[in-house]
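A closer look at the structure
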Amino acid sequence: IWDSLEDRAILDNHRPSRHWLTSVDIWDLARIDVIADLRDGYVLAARALYDPELASQPDPESNDVLMFIYVLQHLFDASVEAIDGLTRVMQALCPSFEKGELYPPLTQVHSGAVCLGIINRAFRMSRGQDVQLAMEAAAFNESVMERLEET
């Protein structure tokens, strides 16, 4: 998704940096350009979901932006150090910003579920909660077998 957004110049905030003896291409997340890009991306993501004109004719650009903002919002919501940090930064720098309920695009629901699963696992691990992968895999295999037996 990130490469797709870069290719279409939706996200374009590189700056060269000298790190020891090597030149490195980095993202400068402290520059206001990134905040403006995020604000515009959030608006486009919300329009892709709730604007009937855009929702009836989904295009790859708005779907990619929606998926990126959807995952980014969930990452900040699950962050230990910056709980709801995206909302707080956006409200401070873009005063009319309000966090909305975002869902993945219909064409990327499965990808969204996979991303949320990874985020939830990381959240549980960071909190020291039970993450017994073997038991989860067994329960998943059992549910798959039940579905196969039904068909």
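A short tour of the structure in this document, coming up. (Residues numbered from 1 in each chain as written. Predicted model: local features only at pLDDT ≥ 70, side-chain atom pairs only at ≥ 80, totals over all residues. Heavy atoms only, no water.)

1. A few points about the overall build of the protein chain
- For the protein chain, the helix and strand inventory stands at 7 helices and 2 strands.
- Per-residue burial over the protein chain gives 26% buried out of 151 residues.
- In the protein chain, 55% of the contacts between residues at least 6 apart in sequence involve partners at least 24 apart. (Helix = DSSP H or I, 4+ residues; strand = E, 2+ residues; numbered from the N terminus. Buried < 20%, exposed > 50% of the residue type's maximum accessible area, 1.4 Å probe, protein only. Contact = heavy atoms within 4.5 Å.)

2. Quick look at the packing of helix α4 (residues 60-78) against helix α6 (residues 109-126)
- For the pair α4 and α6, the least separation of the axes is 10 Å and the interaxial angle reads 15°. It follows that α4 is roughly parallel to α6 by the angle criterion. Helix-helix and strand crossings are classified by hand; for α4 and α6 the assignment is right-handed. On the side of α4, the interface is formed by Met67, Tyr70, Val71, His74, Leu75 and Ala78, while α6 contributes Ser111, Gly112, Cys115, Leu116, Ile119 and Phe123.
- Of the residues in the contact of α4 with α6, the class split is 9 nonpolar, 3 polar and no charged. (Axes fitted to C-alpha atoms, helices over the stretch in contact; angles between N-to-C directions. Parallel < 35°, antiparallel > 145°, perpendicular 65-115°, else oblique. Left-handed = near helix turned anticlockwise from the far one by under 90°. Nonpolar A, V, L, I, M, F, W, Y, C, P; charged D, E, K, R; others polar.)

3. Here we look at the packing of aromatic side chains
- Taken as a whole, this structure holds 1 aromatic pair when the rule is applied.
- Where tyrosine 42 meets phenylalanine 97, the ring centres are 4.8 Å apart and the plane angle is 70°; that geometry is what we call edge-to-face. With tyrosine 42 in helix α2 (residues 32-50) and phenylalanine 97 in the loop between α5 (85-93) and α6, the pair connects residues that are 55 residues apart, well separated along the chain. Taken as a pair, tyrosine 42 and phenylalanine 97 share a single burial class, namely buried. (Phe/Tyr/Trp six-rings, centres within 6.5 Å; stacked < 30°, edge-to-face > 60°.)

4. Some details on the pattern of salt bridges
- Applying the stated criterion across every chain, the model contains 3 salt bridges.
- The salt bridge partner of aspartate 40 is arginine 39, with a shortest N-O separation of 3.4 Å.
- Residue classification places aspartate 40 among the partly exposed positions, given a relative accessible area of 43%.
- A relative accessible area of 36% places arginine 39 in the partly exposed class.
- The closest approach of N and O atoms between aspartate 51 and arginine 47, which form a salt bridge, is 2.9 Å.
- Under the relative-accessibility criterion, arginine 47 is labelled partly exposed at 38%. (Salt bridge = Lys/Arg side-chain N within 4 Å of Asp/Glu carboxyl O.)

5. Examining the nonpolar core
- Counting residues in hydrophobic clusters, the biggest one holds 22 residues, and the most contacted among them are Leu38, Ile69, Tyr70, Met90 and Leu102.
- Sorting the residues of this core by element identifies α2, α4, α5 and α6 as the ones contributing at least two each.
- Considering every element that reaches this core, the biggest residue donor is α4, with 9 residues.
- Beyond its immediate sequence surroundings of up to four residues, leucine 38 is in contact with Phe68, Ile69, Leu72, Leu86 and Met90. (Core = buried A, V, L, I, M, F, W, Y, C linked by side-chain atoms within 4.5 Å.)

6. Details of α6
- Helix length check: α6, at 18 residues, gives a terminal C-alpha distance of 26 Å against a target of 26 Å (1.5 Å per residue), a fit within 8%.
- Taken together, the buried positions of α6 are Gly112, Leu116 and Ile119. What you see down the axis of α6 is that its buried residues fit within an arc of 65°, all on one side. More than 90 degrees from the buried face of α6, the exposed residues found are His110, Ile118 and Met125.
- Those residues of α6 hidden inside the fold are in contact with α4.
- One or two residues past the end of α6 sits glycine 128, with phi positive at roughly 70°. (Expected span 1.5 Å × (residues − 1). Arc of directions from axis to C-beta.)

7. Concerning a negative patch on the surface
- Together, Glu142, Glu146, Glu149 and Glu150 give the surface a local cluster of negative charge.
- Structurally, glutamate 149 can be placed in helix α7 (residues 133-150). (Patch = residues over 30% accessible without salt bridge, like charges linked within 9 Å, V, L, I, M, F, W, Y side chains within 5 Å. Areas by Shrake-Rupley, 256 points an atom, 1.4 Å probe, with all protein chains shown as cover. Lys, Arg positive; Asp, Glu negative; His and termini not counted. Charge placed at Lys NZ, Arg CZ, Asp CG, Glu CD.)

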